[in-house]
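Residues per chain, in single letters:
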Amino acid sequence: MHLSTGDILQDCPSDDIPEHLKERILEERRLEALRRKERSEALLYLTVEVYREDEFQHHSGPDLISQDCQPLIFKVLKSTPLEEFHLALALSMGYPPELLRVWPFEMRTNSTFRPGYVCYKKNATKTVFELAEKNSVWKIFLELLPLDGPLKALPDYNPQSDVLLFYKYYNPKAKLIVYAGHSFECADRKFSELFPMLCESVGLPLNTPLILYEEVKPTYIELINHNLYLRQLEELGDGDIICFQRDVSTLNFELPTVEDYFRDLVNRVEVTFYNRSDSSDPGFTLILNQKMTYTQVAVAVADYIKEDMKFIQFFKPSHLRNAPEIAIRWNSDGYLRDFVLLRHRLELPTILYYQVLTIPVEQFESKKCFRCYFLNSKLKEERDMTLYVSKQGLVAEVLEEASKELRSVQLEIKSTKL
């Protein structure tokens, strides 16, 4: 039977199409046209990431922001002047332009990422693409005054005599550092004059003795003499971070100072542990310190899996595949960083394998493992046994261990019959 194309594919009048399908088709066409427009205009726009103090609150690492922060995102024409961008940003935020100010983040020579000053008068006509140094993303700190506050405009800022400082408070008891605000200070003030303001910001009594540090970078935390003037601090600049804490020199804490906290922070590593005896084990992840010893790692793992740390044996991972390789001796002099493959740059997990033994690891490493099968008088297998005997032991010791194993399961047997 022969059918022509016209007999099969007939015209479908618009009236025959249900309304919900018409709406869906129109919506899909509209979205597709919007996507085509965005692709064609992508090169004309700049992504602006706006960070407010709210984004700093939950950050406990170096600098002020991390990849986990969720800033406000704006798409702005690269040709937009700073003055116009400022007005548009104020409108989007629902703030009068006088109550907000933009501080672009900039990468410093020591690899830290801090907000810096931009002069509005000199750069009013400069485009946001130029201010972003022709990068595709421009990150800025947005300084805001409260809408219901007493001030109706941000105070003028003099880059010659003033400095923008950010503060972090360290709690040695909780082993946590938190954002504690920012302020504009005259460089002729003493650091000790900041104490009441800092205490108030974290709810401490105003007369609490404080210790100050400058977070130069994560690996360099410098103690500040609070009797110095701000201008005496080496290379003082906008965006500098001052860390402070209570004086706890008379108390005993694991990480008593800001220096200790950052030293620990730099050495932190997420390690995923897998049970060597279970190929389907999903594993678990612990945040540890690269300078932990074998015993300290064993204590942490034992606490998590609720086993005795003396019975936990660890294995190095293979360099070529995700599988255990050689066992790590219980009395090893190395640190965690020597046991695992630190693969931060490859964005791969750091892995370590373990198994829970039936005897302490110290004993296990001095013994030889035997796989034995107990056969009855009809030469039928009754029990599969794993025996541990001293490496310098005799055959008689193997038989004695087998007898103990069999007696433990009510199989009466004499060693002379084995």
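Right above here is the structure, for reference.
Residues numbered from 1 in each chain as written. Predicted model: local features only at pLDDT ≥ 70, side-chain atom pairs only at ≥ 80, totals over all residues. Heavy atoms only, no water.

Turning our eyes to something else, we now look at the packing of aromatic side chains. Following the criterion strictly, the structure yields 23 aromatic pairs and no others. On the numbers, 5.3 Å between centres and 40° between planes, the contact of Tyr 169 with Phe 244 is tilted. One end of the pair, Tyr 169, is in strand β6 (residues 162–171); the other, Phe 244, is in strand β10 (residues 240–246), with 75 residues separating them in the sequence. Since its relative accessible area comes to 10%, Tyr 169 is described here as buried. Among the residues examined, Phe 244 registers a relative accessible area of 0% and is labelled buried. Put simply, the rings of Phe 273, Phe 284, Tyr 294, Tyr 304, Phe 314, Phe 339 and Tyr 354 pair up and form one aromatic cluster. Over the aromatic face of Phe 129 sits the side chain of Lys 78, whose NZ or CZ is 4.5 Å from the ring centroid. Of note, Arg 231 hangs over the ring of Tyr 229, and the distance from its end group to the ring centre comes to 4.8 Å. (Phe/Tyr/Trp six-rings, centres within 6.5 Å; stacked < 30°, edge-to-face > 60°. Helix = DSSP H or I, 4+ residues; strand = E, 2+ residues; numbered from the N terminus. Buried < 20%, exposed > 50% of the residue type's maximum accessible area, 1.4 Å probe, protein only. Lys NZ or Arg CZ within 6 Å of the ring centre and 35° of its normal.)

Further remarks concern the side chain of Asp 264. For Asp 264, the position within the fold is in helix α8 (residues 258–266). Polar contacts involving the side chain of Asp 264 include one to the side chain of Asn 289, which spans 2.8 Å. Excluding residues that lie within four positions of it along the chain, Asp 264 makes contacts with Leu 255 and Asn 289. (Polar contact = N/O pair within 3.5 Å; in protein donor to acceptor, adjacent residues only side chain to side chain. Contact = heavy atoms within 4.5 Å.)

Counting buried positions along strand β3 (residues 100–107) yields six of eight residues, so the element is predominantly enclosed. Relative to strand β5 (residues 137–144), β3 runs antiparallel, the two being bridged by five bridges. What sits directly across from Trp 103, in β5, is Phe 141. Taken together, the three bridges between β3 and strand β4 (residues 113–115) define a ladder with antiparallel strand orientation. Paired with Phe 105 across the bridge in β4 is Pro 115. Where β3 hands over to β4, the hairpin turn is made up of five residues, of which Ser 111 adopts a positive phi near 70°. (Pairing = 2+ DSSP bridges.)

The subject of this paragraph is the pattern of salt bridges. Under the counting rule described, the total for this entry stands at 17 salt bridges. Arg 24 is paired through a salt bridge with Glu 28; the nearest N and O atoms lie 3.4 Å apart. Pair noted here: Arg 24 and Glu 28 are both in helix α2 (residues 19–41), with a separation of four residues, about one helical turn. Glu 215 is the salt-bridge partner of Lys 168, the closest N and O atoms lying 2.9 Å from each other. Of this pair, Lys 168 sits in strand β6 while Glu 215 sits in strand β8 (residues 210–217), and the two are 47 residues apart along the sequence. Among the residues examined, Glu 215 registers a relative accessible area of 0% and is labelled buried. Each of Asp 63, Arg 114, Lys 168 and Glu 215 takes part in salt bridges that share partners, so that together they form one network. (Salt bridge = Lys/Arg side-chain N within 4 Å of Asp/Glu carboxyl O.)

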